[in-house]
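Secondary and tertiary structure notes
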Amino acid sequence: MGDKVRALTKKQLEALKQKLLEEKSSLMMNDELSAATNIELSKPEGGDEVEQSINDYTNSHLLRFRNREVFYGKKIEKALKKFDMEEFGLCTDCGEWIRFERLMARPTAEMCIMCKEESERDESNSFTGRQSKSLGKVVDLTGMMA
Ligand SMILES: [Zn+2]
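As for the overall build of the protein chain
A count of helical and extended segments in the protein chain gives 6 helices and 0 strands. Starting at the N terminus and ending at the C terminus, the protein chain contains elements arranged as α-α-α-α-α-α. Across the 146 residues in the protein chain, those meeting the buried criterion constitute 5%. Residue pairs at least 24 apart in sequence account for 60% of intrachain contacts in the protein chain once pairs closer than 6 positions are excluded.

With respect to the environment of Val5
Mapping Val5 onto the fold places it in the segment before helix 1 (10-42). For the pair formed by Val5 and Glu96, sequence separation is 91 residues and the distance between their alpha carbons is 7.3 Å. With residues up to four places along the chain from it excluded, the contact list for Val5 reads Glu96, Trp97 and Arg99.

Observations regarding the confidence of the model for the protein chain
Averaged over every residue, the pLDDT of the protein chain is 81; the share at 70 or more is 75%. The least confident element of the protein chain, judged by mean pLDDT, is helix 6 (residues 135-145) at 46; the most confident is helix 3 (residues 100-105) at 96. Between residues 129-146, whose pLDDT stays under 50, and residues either more than four places distant or in other chains, the model counts 4 contacts.

As for helix 4 (residues 113-125)
With 13 residues, helix 4 ought to run about 18 Å at 1.5 Å a step, and its terminal C-alpha atoms sit 18 Å apart, in line with that. Taking burial as the measure, the 13 residues of helix 4 include 0 buried ones, a minor fraction of the element.

About the thresholds
Residues numbered from 1 in each chain as written. Predicted model: local features only at pLDDT ≥ 70, side-chain atom pairs only at ≥ 80, totals over all residues. Helix = DSSP H or I, 4+ residues; strand = E, 2+ residues; numbered from the N terminus. Buried ≥ 20, exposed ≤ 12 C-beta atoms within 10 Å, placed from the backbone. Contact = placed C-beta atoms within 7 Å. pLDDT = per-residue confidence, 0-100. Expected span 1.5 Å × (residues − 1).

Right under this line is the structure:
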């Protein structure tokens, strides 16, 4: 503790931005792929019941996959915007720099590890109280993280 994390260098920021852009383009590639598969699968071919249920299964699977991608895509967009505002790499909670290693592992991270751990502790403590209103949402998110 008390050890201030040094500001990210230009080079590090550049590497992180590159990483985000790469993630974004691979996400878009997947998206096109799953969109194409989706259309293919939802064509009502009047197949037998087994085939239909396999299609249903695959469709819902793809949908889940898609939701997760959309969710992640939004996080990437948000992170990229922060570059423009020169806020990238700063913890949204305490305003300190997030470690480069952490960002390389998870370029969409918004909090430093200490704040993140703290907020996770808070969440589990007050899970029923604070979050019951958006329970549906919360359940979705945990499903996506799994
Ligand atoms: Zn922090």
